[in-house]
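Per-entry structural report
Residue-level listing of the chains:
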Amino acid sequence: MYASVLALLFPYSICFLCFSFSNSEWKWKLNDLLSLGLHRSWKRMCISWSGAKKGDRALDLCCGSGDLTFLLSQKVGLQGEVRLLAASSELHFLCHLEWIEGDALNLPFPDCYFDAITMGYGLRNLVDRQKALREIFRVLKPGSKVSILDFNKSTSNLVNTAQEWMLDKVVVPVASNYGLSQEYEYLKGSIAEFLTGKELESLVDEIGFSKARHYEIGGGFMGNLMATK
Ligand SMILES: C[S@@+](CC[C@H](N)C(=O)[O-])C[C@H]1O[C@@H](n2cnc3c(N)ncnc32)[C@H](O)[C@@H]1O
């Protein structure tokens, strides 16, 4: 039903969904639909907070379908280089970048190696977030930044209620229509088990980052942690 309502309101988005996509491509298009395209701006903000610039060596962790990686590669340009790391291969493009299958908890890179690191919708799902952040700290050059985009665990009851309503009544039902309910059903529980912005700031502080700032975006539904080594 929600898909039909959205189809009436946003016919072009729905048309886009009607082509034949692979599972991760479906997810990508579904994210466009469910966020009304806003996830693209959040990802641009995430890249901008990473401080990545022309000629940098950058890393995108938990890269998934690679849309953050693609934006990162535009930032560093042809003089720069981008490594992208995920637990399994989901990419169907971006073959000019170096894709590495690996574990974010045990990064296969030397100390002080990267000028900028990004991670989108990855930290919340990792079994040991502190270890992942310690690894990021280790491979970042001093003075460089990590920018981490994810769902926000808000401290506001109003935002939490609205976020839960969106997930229960819109996101999961729409995803179910495309056979992707499992991929979205876990979100509510994983956000509840995630850390608030303040807790994330304290965690990176403890690890040794010199500056940490968590920004609430998307009406408080999303958050972006930025930390400088
Ligand atoms: C929800 S997707 C994020 C996709 C993408 N970054 C985005 O913003 O749309 C989560 C990604 O984390 C990866 N992942 C999960 N556990 C991981 C681990 N321990 N090490 C590296 N990547 C991991 C998965 O393979 C998947 O690519």
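An unreviewed UniProt entry lists the protein chain under the name 2-phytyl-1,4-beta-naphthoquinone methyltransferase, chloroplastic, with Zingiber officinale as the source organism. As recorded by UniProt, the Subcellular location (unreviewed entry) comment attached to the protein chain reads in full: "Plastid, Chloroplast".

With that out of the way, let us pick up the site of the ligand. Taken together, the neighbourhood of the ligand is formed by 19 residues, with Cys-62, Gly-64, Ala-87, Ala-104 and Gly-120 sitting nearest. Listed by contribution, the elements that provide at least two residues to the shell around the ligand are helix H5 (67–76) and strand E2 (81–86). For the shell around the ligand, a count of residues per class yields ten nonpolar, six polar and three charged.

To continue, consider unusual backbone geometry. Phi angles above zero are rare outside glycine, and Cys-112 is one such case at about 50°. Considering the arrangement of structural elements, one finds Cys-112 in the loop between strand E3 (98–101) and strand E4 (114–120). With a phi close to 55°, Tyr-121 is a non-glycine residue in the positive phi region. Tracing the sequence through the fold places Tyr-121 in the loop between E4 and helix H6 (129–139).

A few words now on helix H4 (residues 38–49). Because an α-helix packs 3.6 residues into every turn, residues spaced three or four apart end up facing the same way. The end-to-end C-alpha distance of H4, which contains twelve residues, comes to 17 Å, matching closely the 16 Å that a straight helix rising 1.5 Å per residue would cover. Trp-42, Lys-43, Cys-46, Ile-47 and Trp-49 are the residues of H4 that are buried. Each buried residue of H4 sits inside an arc of 165° when the element is viewed along its axis, so together they form one side. Its buried side turned inward, H4 meets H5, E4, strand E5 (140–151), strand E6 (211–217) and strand E7 (222–228). The positive-phi residue at the C-terminal boundary of H4 is Gly-51, with phi of around 75°.

What follows deals with H6. When H6 is considered as a whole, its buried residues turn out to be Ala-132, Leu-133, Glu-135, Ile-136 and Val-139. All buried residues of H6 fall inside an arc of 155° around its axis, so they share one side. Each element contacted by the buried residues of H6 is listed here: E4, E5 and helix H10 (197–207).

What follows covers the sheet that holds E7. Spatially, seven strands are ordered E3-E2-E1-E4-E5-E7-E6 in an open sheet, and the strand pairing comes out mixed. Strands at the two margins of the open sheet, each flanked by one partner only, are E3 and E6. The average angle at which neighbouring strand axes cross in this sheet is 15°, direction not considered. In the sheet, E4 pairs with E5 via six bridges, with the strands oriented parallel. Paired with Thr-118 across the strands is Ser-147, a residue of E5. Across the sheet, H5 lies against strand E1 (57–61), E2 and E4, angled at about 165° from E2, the strand it touches most.

Rules used throughout
Residues numbered from 1 in each chain as written. Predicted model: local features only at pLDDT ≥ 70, side-chain atom pairs only at ≥ 80, totals over all residues. UniProt positions renumbered as here; feature names shortened; annotations may be inferred. Near = placed C-beta within 6 Å. Helix = DSSP H or I, 4+ residues; strand = E, 2+ residues; numbered from the N terminus. Nonpolar A, V, L, I, M, F, W, Y, C, P; charged D, E, K, R; others polar. Expected span 1.5 Å × (residues − 1). Buried ≥ 20, exposed ≤ 12 C-beta atoms within 10 Å, placed from the backbone. Arc of directions from axis to C-beta. Contact = placed C-beta atoms within 7 Å. Pairing = 2+ DSSP bridges. Axes fitted to C-alpha atoms, helices over the stretch in contact; angles between N-to-C directions.

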